[in-house]
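# Topology and contacts: notes
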Amino acid sequence: MLIKLGTGQILLYGITFILLSTGKKWFKILYWIDVVISLLLIYFPIKMLMTNLSMLLPFFVLIACMLIKTIVLCQIGGYLKHNRWCKIYYDHTIELDDEDDDWVEKQTKNVDYEKIKDKYEKEFEESDQEDEYVTEKAPMTLPQLSIRLGIIIYGELMLFPILIQIFSNLFESLDMQKVFATKDIFMLCIFTAFIWTIPLFYMYYNQKATKKIIACCMLGEIIRIMLYLPKFMGYYQSNEYSIRVFIFFVIIDIIRVAILFIFAIHVLKSKQEYAQNPRD
């Protein structure tokens, strides 16, 4: 599987790199097709993991690496789209600076700095003395928050299934032959990582729709719980598991979702300004 995945991606990105290095404008279309293909390829290790849960950790590492690679590729794609030098090389467009870029120099041409210094010197001294006693911590920006969101969603993707695998004896059926929790918590974490990756990029690039998408993701998690509930009740009514298994599973999922929601509410309450035209 690794040989097939690696060979296919080397071929795709090899062609894309040749087009990129020669300055072909339409390489961008192929680049984003490659990114989508890289994301879809994650399906194959997930499918193999579902049929071989004993190899949980190796497949987890593989899936995590593929997700990280896709995130890096998306960041590079954003750089190629917004960077002014990339626009010159690939789009053959030049962004001229505004005519008023030197407005600071024009406005301060005839300013008497000695008068300004005498006027505000005392105020500066008083403010410095106050700053010694009062220090306010600056709020985190959305790009900084996006890094923490990435740690949360991908940390949960790796941590919770591994914990259930380690303590699988707590989730075994009464006949010691089945463990539903390992597969189900993994699929729930995959769903969370998939939908929350979207606001992750919106936060990183400081976009206006960030809070709306986060609210949609929170709603998606609630809908996911409602859709999973009949299946969960089916496990309970099968009488194959003790009540202890379901209590532990519910507690783990509540902790996982609560961490996300607490962070999401913190972002929704933030009063950060959004970038108008993000450029590198």
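Preceding block: the structure.
Since the structure is predicted, the reported quantities are computational estimates derived from the model, not experimental observations.

Conventions we followed
Residues numbered from 1 in each chain as written. Predicted model: local features only at pLDDT ≥ 70, side-chain atom pairs only at ≥ 80, totals over all residues. Heavy atoms only, no water. Helix = DSSP H or I, 4+ residues; strand = E, 2+ residues; numbered from the N terminus. Buried < 20%, exposed > 50% of the residue type's maximum accessible area, 1.4 Å probe, protein only. Polar contact = N/O pair within 3.5 Å; in protein donor to acceptor, adjacent residues only side chain to side chain. Core = buried A, V, L, I, M, F, W, Y, C linked by side-chain atoms within 4.5 Å. Contact = heavy atoms within 4.5 Å. Expected span 1.5 Å × (residues − 1). Arc of directions from axis to C-beta. Patch = residues over 30% accessible without salt bridge, like charges linked within 9 Å, V, L, I, M, F, W, Y side chains within 5 Å. Areas by Shrake-Rupley, 256 points an atom, 1.4 Å probe, with all protein chains shown as cover. Salt bridge = Lys/Arg side-chain N within 4 Å of Asp/Glu carboxyl O. Phe/Tyr/Trp six-rings, centres within 6.5 Å; stacked < 30°, edge-to-face > 60°. Axes fitted to C-alpha atoms, helices over the stretch in contact; angles between N-to-C directions. Parallel < 35°, antiparallel > 145°, perpendicular 65-115°, else oblique. Nonpolar A, V, L, I, M, F, W, Y, C, P; charged D, E, K, R; others polar.

Position of Thr70 among the secondary structure elements: in helix α4 (residues 56-82). Of the residues examined, Thr70 reaches a relative accessible area of 7% and is grouped as buried. In this structure the side chain of Thr70 is engaged in a polar contact, spanning 2.8 Å, whose partner is the backbone oxygen of Met66.

Of note, Asn239 is a non-glycine position whose phi angle comes to about 60 degrees, a positive value. Summarising the element assignment, Asn239 is placed in the loop between α10 (210-237) and α11 (243-269). According to the relative accessible area criterion, Asn239 is exposed, its value standing at 61%.

We now examine the nonpolar core. Phe180, Trp196 and Phe249 are the most contacted members of the largest nonpolar core, which totals 64 residues. If you list the elements that add at least two residues to this core, you get α1 (2-21), α2 (27-40), α3 (43-51), α4, α8 (142-166), α9 (180-204), α10 and α11. It is α9 that provides the largest number of residues to this core, a total of 13 residues. Apart from the residues lying within four places of it in its own chain, the contact partners of Trp196 are Leu149, Ile153, Ile214, Cys217, Met218, Glu221, Leu260 and Ala264.

It is worth spelling out α1 at this point. The end-to-end C-alpha separation of α1 is 27 Å, in line with the 28 Å expected for 20 residues at 1.5 Å each. Looking only at α1, the buried set comprises Leu5, Gln9, Tyr13, Thr16 and Leu19. The arc enclosing the buried residues of α1, seen along the axis, measures out at 105 degrees, which places them on a common side. Set apart from the buried face of α1 by more than 90 degrees, the exposed residues are Ile3, Lys4, Ile10, Leu11, Phe17 and Ile18. Those residues of α1 that are buried are in contact with α2, α3 and α4.

So, about a nonpolar patch on the surface. On the surface, Leu229, Met233, Tyr236, Ile243, Ile247, Phe248, Ile251, Ile255 and Ile259 cluster together into a nonpolar patch covering about 770 Å² of accessible area. Elements supplying a minimum of two residues to the nonpolar patch: α10 and α11. With respect to the helices, strands and loops of the structure, Ile247 is situated in helix α11. Its relative accessible area of 44% is what places Ile247 among the partly exposed residues.

Turning our eyes to something else, we now look at the packing of aromatic side chains. All chains considered together, the criterion is met by 14 aromatic pairs. On the numbers, 5.6 Å between centres and 70 degrees between planes, the contact of Tyr43 with Phe44 is edge-to-face. Note on Phe44: relative accessible area 42%, which makes it partly exposed. A centroid spacing of 5.4 Å and a plane angle of 90 degrees characterise the contact between Phe232 and Phe246, whose relative ring orientation is edge-to-face. Of this pair, Phe232 sits in helix α10 while Phe246 sits in helix α11; the two residues are 14 residues apart in sequence, bridging distant segments of the chain. Judged by relative accessible area, which is 4%, Phe246 ranks as buried. Through a chain of ring-to-ring contacts, three or more aromatic side chains come together here, namely Phe180, Tyr228, Phe232, Tyr235, Tyr236, Tyr241, Phe246 and Phe249.

Attention now goes to the environment of Tyr241. Along the polypeptide, Tyr241 turns up in the loop between α10 and α11. As a C-alpha pair, Tyr241 and Phe180 span 61 residues in sequence and 9.4 Å in three-dimensional space. Setting aside anything within four residues of it in sequence, one finds Tyr241 in contact with Phe171, Glu172, Ser173, Leu174, Lys178, Val179, Phe180, Tyr235 and Phe246. Polar side-chain contacts of Tyr241 include one of 3.4 Å to the backbone nitrogen of Phe180.

Further remarks concern the packing of α9 against α11. At a minimum axis distance of 12 Å, the contact between α9 and α11 shows a crossing angle of 5 degrees. With respect to α11, the element α9 is oriented roughly parallel. Contacts between α9 and α11 pair Phe180, Ala181, Asp184, Ile185, Leu188, Cys189, Thr192, Trp196 and Met203 from the former with Val245, Phe246, Phe249, Ile252, Asp253, Arg256, Leu260, Phe263, Ala264 and Val267 from the latter. Tallied by class, residues from the contact of α9 with α11 come to 15 nonpolar, one polar and three charged.

Note that every value here comes from positions in space, so none of it alone points to a role or purpose.
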